[in-house]
Amino acid sequence: MAEYKYISYETIDDGTIARIALDRPRYRNAQNRGLLVELDDAFGRAERDDTVRVVILSGNGSSFSAGHDLGTEDMVAERGPGPHQHPTFTCNGATGGRVESRYRQEYHYFYDNTRRWRNLRKITIAQVHGKVLSAALMLTWCCDLIVAAENTEFADVVGTRLGMCGVEYFGHPWEFGARKAKELLLTGDSIGANEAHRLGMVSKVFADDQLADKTLEFARRIAQLPTMTALTIKDSVNQSVDAMGFTTALDASFSIHQLNHAHWTVESGGTSVVGTPALGLSEKLVTAPIRPLSRNEA
């Protein structure tokens, strides 16, 4: 892709560091199909470039990302027939039945792409701030390292607001721990940058106004490593986690996620793939603001 509409791409330090930024600030970088396809292209571009050693993924505007795009004009236009339809909505299962199309489309554009980015042949750093919600966790977790501004909030609200069992790339138990993952999914509560650092999910916490500069400084340290050293460190850790069952668990959880969609498809008579108040979700939970996780409040 010669030009991008939904992201930006640049290289710095004589090309050793690539910086990709989600660029839909009006929608808090909600992930429509065009953005995800462009992001895949940008990651591949960095991977092909032998000068690039470290890739930084950030988001422009007030938040890193609000998760999946559930209804902007861009998303509506790219799904339906017409001049603005994205070509990915005519292939990879898009023309199948309700359950099959959802299964195959989400596999290609929400799940398999995230696994591919996790195994990129470069070191990746997620630079996050503001809200990091639901599917934004997937973009964060697929990176090797995470640095966060002090104002960052992490939450997966698809359980309380959509009746779903978490996002497609189900890293929650690995990132939060089993019981904390259950609590966060069942309540929709958020954790801040310092708690995420305590859990080991976040590597560094920087002042909001220093995030970009400090992340670049951090990336420069890592870029000093020989590329083979960095790659073998990454592969050693990733393969150790895979041996513990990470990828097998991801596959199983993705199938459960699709079962959850199929459930709501049946319950709604084919009109919805997620839960709604009309289908039994609590209106109070659907509309409630995200609460910070507290250890001494119910």
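Residues numbered from 1 in each chain as written. Predicted model: local features only at pLDDT ≥ 70, side-chain atom pairs only at ≥ 80, totals over all residues. Heavy atoms only, no water.

Engineer: Describe the pairing of strand E6 (residues 145–149), and please don't skip the residues or the numbers.
Structural biologist: Summarising burial for E6: four of the five residues are buried, a large majority. Judged from the four bridges that link them, strand E4 (residues 123–128) and E6 form a sheet pairing that is parallel. Within E6, the residue paired with Ile 125 across the bridge is Leu 145. Pairing analysis gives three bridges linking E6 to strand E9 (residues 204–206), with the strands arranged parallel. If you follow Val 147 over to E9, its bridge partner there is Lys 204. (Buried < 20%, exposed > 50% of the residue type's maximum accessible area, 1.4 Å probe, protein only. Helix = DSSP H or I, 4+ residues; strand = E, 2+ residues; numbered from the N terminus. Pairing = 2+ DSSP bridges.)

Engineer: Please set out a nonpolar patch on the surface residue by residue, giving values where relevant.
Structural biologist: Together, Leu 225, Ile 233 and Val 237 make up an exposed nonpolar region whose accessible area comes to about 240 Å². Mapped onto the fold, Ile 233 is located in helix H10 (residues 227–243). Given the relative accessible area of 46%, Ile 233 is considered partly exposed. (Patch = residues over 30% accessible without salt bridge, like charges linked within 9 Å, V, L, I, M, F, W, Y side chains within 5 Å. Areas by Shrake-Rupley, 256 points an atom, 1.4 Å probe, with all protein chains shown as cover. Salt bridge = Lys/Arg side-chain N within 4 Å of Asp/Glu carboxyl O.)

Engineer: For the pairing of strand E2 (residues 17–22), give the residues involved together with the corresponding values.
Structural biologist: A large share of E2 lies buried, amounting to six of its six residues. On E2, burial covers both faces: Ile 17, Arg 19 and Ala 21 on one face and Ala 18, Ile 20 and Leu 22 on the other are all buried. As defined by bridge partners, strand E1 (residues 7–12) adjoins E2 across six bridges and the pair is classed as antiparallel. In the sheet register, Glu 10 faces E2, and the bridge partner there is Arg 19. Connecting E1 to the next strand, E2, in antiparallel fashion are four residues, including Asp 13 with a positive phi near 55°. Across six bridges, the pairing between E2 and strand E3 (residues 54–59) is parallel. Note that in E3 the partner of Ala 18 across the bridge is Val 55.

Engineer: Account for a negative patch on the surface, with residues named and values stated.
Structural biologist: Negative charge collects at one region of the surface, where Glu 150, Asp 208, Asp 209, Asp 213 and Glu 217 lie side by side. Mapped onto the fold, Asp 208 is located in the loop between E9 and helix H9 (211–223). (Lys, Arg positive; Asp, Glu negative; His and termini not counted. Charge placed at Lys NZ, Arg CZ, Asp CG, Glu CD.)

Engineer: Provide a residue-level description of helix H11 (residues 246–267), including the pertinent values.
Structural biologist: Owing to its 3.6 residues per turn, the α-helix brings residues three or four apart onto one side. Taking 1.5 Å as the rise per residue, H11 with 22 residues should run 32 Å; its terminal C-alpha atoms sit 32 Å apart, in good agreement. Every buried residue belonging to H11 is among Phe 246, Leu 250, Ser 253, Phe 254, His 257, Gln 258, Asn 260, His 261, Ala 262, Trp 264 and Thr 265, and all of these are buried. Where H11 is buried, its residues contact helix H3 (98–118), helix H5 (158–162), helix H6 (172–176) and H10. Of the residues flanking the end of H11, it is Gly 269, one or two places downstream, whose phi is positive at about 70°. (Expected span 1.5 Å × (residues − 1). Contact = heavy atoms within 4.5 Å.)

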